[in-house]
Amino acid sequence: MDHPRELLRRIARTSDPMGRGTWHDPWVLGRGWAPISPPEHAVTSSAVSIRMRDGLTLSGVLYRPDVECAPGVVIANGYALQEPYLAPTIDQLARRGYLVLRANLRGVPPSEGEAGLYERYGEDAHDLIEWLAAQGGCNGRIAMMGASLLGLVQYLAAKEAPPSLKAILPDDAGSDNYWYLWYPGGMRPGPGRVARRTFGGAHNEYPLAAAHPDYDAFWRTRTVEPQELKAIARRHVAVLLTTGWDSYMIGSAKAYEWLKAGRRGRRLKMIIGPWGHGAFLSSEPPLQGPGVLPYSGFEFAVLWLDRYLKEIKNHVDELCSVILYVQGPDKWRLEDDWPLSREQRTRLYLREAPSGTGGGLNDGSLTVSLPGQDRAVRYQYSPEGPYNRAAVTALSRPRVDKTPYEAHGLAWTGNVLTASIEVTGYPRFSFWAQLSGLDTDFVVELTDVSVDEAGGFQSMQVTRGYLNAMRHFSRTHPQPLVPGRPYRFEIELHPTSYVFRAGHFIRVTLQGSAIDPLARPPAQIPVLPGVDPQVLARAHGPGLNPLPCRVTVLQDAEHPSCIDLPLIGATLTQ
């Protein structure tokens, strides 16, 4: 007779990697031929100076194809480094008949001005767009594209409603730069934000952001709020939005929802892949993981530009609204909407009974049955440690067994899965808690628990979510909480698309930190021209709360705490 743990391993090895009930979904079967403009034009380049509305001059390089009348593409760069890895993409675009302007934003030499935190990005980008549209040989139809900071500026530009802007292609960039980027979930900026003091062109960002910990007028000029995104959609700006599961991508996914609320239709598309930060739009292969299907990322970008700048009917607008990579089967799938309309929300309650997997300080369980007289459980947070390691880097989410970190926090684990289950969308963690102090941070993780080759349990992060206790109730005027009073908190985790295999367990954990200052960087860090490799290894998530706090989580009938999972194809039967 098999030992129980050997039985779990055997079930996991023989189970179908697809979630139960998803076999007939619209999976992408392979690569297709992309009907994009061919690279048939000769290109010349010239340095340009462009005067902004306040009299300041920005510098740039204009790449001109040998065509009589071409649409334009603006790539607005807010970094002092010239990002030589953009060169192949720019060359390929220009050779395909696009007039490309790569401009340096203010404070980035040789442009004039002082760099701040997205200082006048919207106004400057508006002026760059209209300058390019007025150039001889331009047909007056302009798009913007670029990743990360070069994607963020596109939302700020579209907010200004430049008449010539017809499309944007923001890669790995959101619109709410306060809640999803600088102060994730209201928590403090983390190492990735602090490290920007070493970036030319971004060196003033952190001091300015740190001076505005709450969402105030400073942030409102540097974010694009939901109603402003709706207005962008109503102006018929075509948006191809791309990001990766292993990046800080929740801002991208939320931007899609807000744009969709403004105007549903073919002018909005989102692609979510299996990579880290900013790996989509290059004409070269992504830094990691497989490329997009049925076309490459660059091919999708050119299809989008061809459709909305050259008005070529290539049918890219008819190819569904969402293309996502399902982790587990490791396959691409076509979807009509986001979040998926066919998701089945399944609620699992936090229970006192031991799961038998040894997770966390409490080894709690997850069940579909309501709690009764389940006793409360506690953990202690201190900025001095012990720490957690939940935040992603620019390269990936933590690819480590989380059980040593979970030993300092709370964990609840479900029954062993008898069939593979797909979770696609936003998990939501709702819980009741009492604090010993005035404020604290919450870091929740959804993990995949399995039996390793040595017979022990290992726990791998699927996704995570962040929340500051005070700012849960107000981002603009947070007030200290009352120690000992029960409060209900809700955390929307970063979305995912992931299949938990049969023989595995679903676990949710709760701790007070997302970073481990003592963790070693990855052994291998890719070399990118002009980019400090150590920057890629720093955690991009929240920092440490300076206040120690004891957190008591309630899980009884009067204070039911739970996690809601968006299941696709089948529900849990435990």
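Note that this is a predicted model, so its numbers are computed, not measured.

About the cut-offs
Residues numbered from 1 in each chain as written. Predicted model: local features only at pLDDT ≥ 70, side-chain atom pairs only at ≥ 80, totals over all residues. Heavy atoms only, no water. Helix = DSSP H or I, 4+ residues; strand = E, 2+ residues; numbered from the N terminus. Rg over C-alpha atoms; globule rule 2.2 N^0.38 Å. Buried < 20%, exposed > 50% of the residue type's maximum accessible area, 1.4 Å probe, protein only. Contact = heavy atoms within 4.5 Å. Lys, Arg positive; Asp, Glu negative; His and termini not counted. Charge placed at Lys NZ, Arg CZ, Asp CG, Glu CD. pLDDT = per-residue confidence, 0-100. Pairing = 2+ DSSP bridges. Axes fitted to C-alpha atoms, helices over the stretch in contact; angles between N-to-C directions. Salt bridge = Lys/Arg side-chain N within 4 Å of Asp/Glu carboxyl O. Core = buried A, V, L, I, M, F, W, Y, C linked by side-chain atoms within 4.5 Å. Expected span 1.5 Å × (residues − 1). Parallel < 35°, antiparallel > 145°, perpendicular 65-115°, else oblique. Nonpolar A, V, L, I, M, F, W, Y, C, P; charged D, E, K, R; others polar. Polar contact = N/O pair within 3.5 Å; in protein donor to acceptor, adjacent residues only side chain to side chain. Phe/Tyr/Trp six-rings, centres within 6.5 Å; stacked < 30°, edge-to-face > 60°. Lys NZ or Arg CZ within 6 Å of the ring centre and 35° of its normal.

Visitor: What exactly am I supposed to notice about the overall build of the protein chain here?
Guide: Assigned secondary structure in the protein chain consists of 13 helices and 25 strands. Against the compact-globule benchmark of 25 Å for 574 residues, the protein chain has a radius of gyration of 24 Å, which places it among compact chains. On the principal axes, the C-alpha backbone points of the protein chain span a range of 75 × 50 × 45 Å. Out of the 574 residues belonging to the protein chain, those deemed buried represent 60%. Sequence-distant contacts, at least 24 apart, represent 78% of the contacts inside the protein chain between residues at least 6 apart. In the protein chain, 59 positive and 59 negative side-chain charges are present, and the distance between their average locations comes to 2 Å.

Visitor: Explanation requested: the confidence of the model for the protein chain in the structure shown.
Guide: Interpretation of the predicted coordinates at a detailed level should be avoided for regions scoring low in pLDDT. On average, the protein chain scores 91 in pLDDT, and the residues at 70 or more come to 91%. Taken together, the stretch residues 283-289 has pLDDT below 50 and engages in 15 contacts with residues farther than four places along the chain or on a different chain.

Visitor: Is there a simple way to think about the sheet that holds strand β2 (residues 57-65) in this case?
Guide: Whenever strands of a sheet pair, they do so through backbone hydrogen bonds, lying parallel or antiparallel. Read across the open sheet, the ten strands follow the order β1-β2-β4-β3-β5-β6-β7-β8-β9-β10; overall the sheet is mixed. Two strands lie at the open edges of the sheet, namely β1 (43-51) and β10 (331-335), each paired on one side alone. The average angle at which neighbouring strand axes cross in this sheet is 20°, direction not considered. Here four bridges tie β2 to strand β4 (residues 99-104), and the two strands are oriented antiparallel to one another. Paired with G60 across the bridge in β4 is A103.

Visitor: Would you take a moment to explain the pattern of salt bridges for this structure?
Guide: Between side chains of opposite charge, a pair can form when the charged atoms approach closely. Going through the model one piece at a time under the given rule, you end up with 31 salt bridges. The partner of D564 in a salt bridge is R347, with the nearest N and O atoms 2.9 Å apart. Note that D564 is positioned in strand β25 (residues 562-568) and R347 in strand β11 (residues 344-351), a separation of 217 residues in sequence. Members of the salt-bridge network, linked through shared partners, are D25, R333, E335, R342 and E422.

Visitor: How should the environment of G273 be read in this particular structure?
Guide: Counting through the fold element by element, G273 comes out in strand β8 (residues 268-273). Those residues in contact with G273 that sit more than four places away from it in its chain are T243, G244, W245, Y325 and W332.

Visitor: Is there a simple way to explain the nonpolar core in this structure?
Guide: Generally speaking, nonpolar side chains in soluble globular proteins are found buried as a group. Ranked by internal contacts, the top residues of the largest apolar core, which has 154 residues, are L128, M144, W338, W412, F429 and F442. One finds A390, V443, Y466 and A514 within the second-largest nonpolar core, a separate group that totals eight residues.

Visitor: Help me out: how do you make sense of helix α10 (residues 250-262) in this one?
Guide: The periodicity of an α-helix, 3.6 residues per turn, causes residues three or four places apart in sequence to face the same way. With 13 residues, α10 should reach 18 Å at 1.5 Å per residue; the first-to-last C-alpha distance of 19 Å fits that figure. Here α10 lies mainly inside the structure; twelve of its 13 residues are buried. Here α10 has its buried residues at I250, G251, S252, A253, K254, A255, Y256, E257, W258, L259, K260 and G262.

Visitor: I tried to follow the packing of helix α3 (residues 121-133) against helix α4 (residues 149-159) on my own but got confused; where do I start?
Guide: Each pair of packed helices can be summarised by the angle the axes make with each other and by the distance between the axes. In contact at an axis separation of 8 Å, α3 and α4 are set at 85° when each is read in the N-to-C sense. Considering their axes alone, α3 and α4 lie roughly perpendicular with respect to each other. Counted together, Y121, G122, A125 and I129 of α3 and L149, L152, V153, L156 and A157 of α4 form the full contact between these two elements. When the residues that make up the contact of α3 with α4 are grouped by side-chain class, the tally is eight nonpolar, one polar and no charged.

Visitor: Mind showing me how you'd approach the side chain of N314 here?
Guide: Mapping N314 onto the fold places it in the loop between α11 (297-308) and β9 (322-326). The exposure class of N314 is buried, given its relative accessible area of 10%. Here the side chain of N314 touches L303 through a polar contact of 3.0 Å, landing on its backbone oxygen. Beyond its immediate sequence surroundings of up to four residues, N314 is in contact with P35, L303, D306 and R307.

Visitor: Teacher, can you tell me more about the pairing of strand β22 (residues 505-511) here?
Guide: Consecutive side chains along a regular strand alternate between the two faces of the sheet. Counted residue by residue, β22 has seven buried out of seven residues, so it is predominantly covered. Of the pairings in the sheet, the one linking strand β15 (residues 410-413) to β22 comprises four bridges and is antiparallel in character. What sits directly across from L410, in β22, is L510. As judged from the seven bridges shared by strand β18 (residues 441-451) and β22, these two strands associate in the antiparallel manner. Residue pairing for β22: L446 is matched across the bridge by V508.

Visitor: So what exactly am I meant to see when it comes to the environment of V423 here?
Guide: Note that V423 resides in strand β16 (residues 421-425). The exposure class of V423 is buried, given its relative accessible area of 0%. For V423, the residues in contact, after removing those within four places along its chain, are T496, S497, Y498, F500, P566 and L567.

Visitor: Is there a simple way to explain the packing of aromatic side chains in this structure?
Guide: In this description, a pair of aromatic rings is defined by centroid distance and the angle of the planes. Scanning all chains against the criterion turns up 23 aromatic pairs. Ring geometry for W275 and W332: centres 6.0 Å apart, planes at 45°, overall tilted. Taken as a pair, W275 in the loop between β8 and α11 and W332 in strand β10 lie far apart in primary sequence, 57 residues in all. One aromatic cluster in this structure is built from W412, F429, F431, F442, F473, Y487 and F489. Taking the ring centre of F218 as reference, the NZ or CZ of R222 above it sits at 3.8 Å. Cation over ring: R475 sits above W179, and NZ or CZ is 3.9 Å from the ring centre.

Visitor: Could you clarify how one ought to interpret the side chain of H494 in this entry?
Guide: Here H494 shows up in the loop between β20 (487-492) and β21 (496-500). Overall, H494 belongs to the buried group, its relative accessible area being 7%. Beyond its immediate sequence surroundings of up to four residues, H494 is in contact with M249, I250, P427, T463, R464, G465 and Y466.

Visitor: Explanation requested: the pairing of β16 in the structure shown.
Guide: Here β16 lies mainly inside the structure; five of its five residues are buried. As paired strands, β16 and β21 are joined by five bridges and run antiparallel to one another. When the bridges of β21 are listed, E422 appears paired with V499. Both β16 and β25 contribute to a ladder of two bridges, which runs antiparallel.

Visitor: Where do I start with the environment of W432 in this structure?
Guide: Mapped onto the elements, W432 comes out in strand β17 (residues 428-435). The spacing of W432 and F489 is 57 residues in sequence and 6.2 Å in space, taken between C-alpha atoms.

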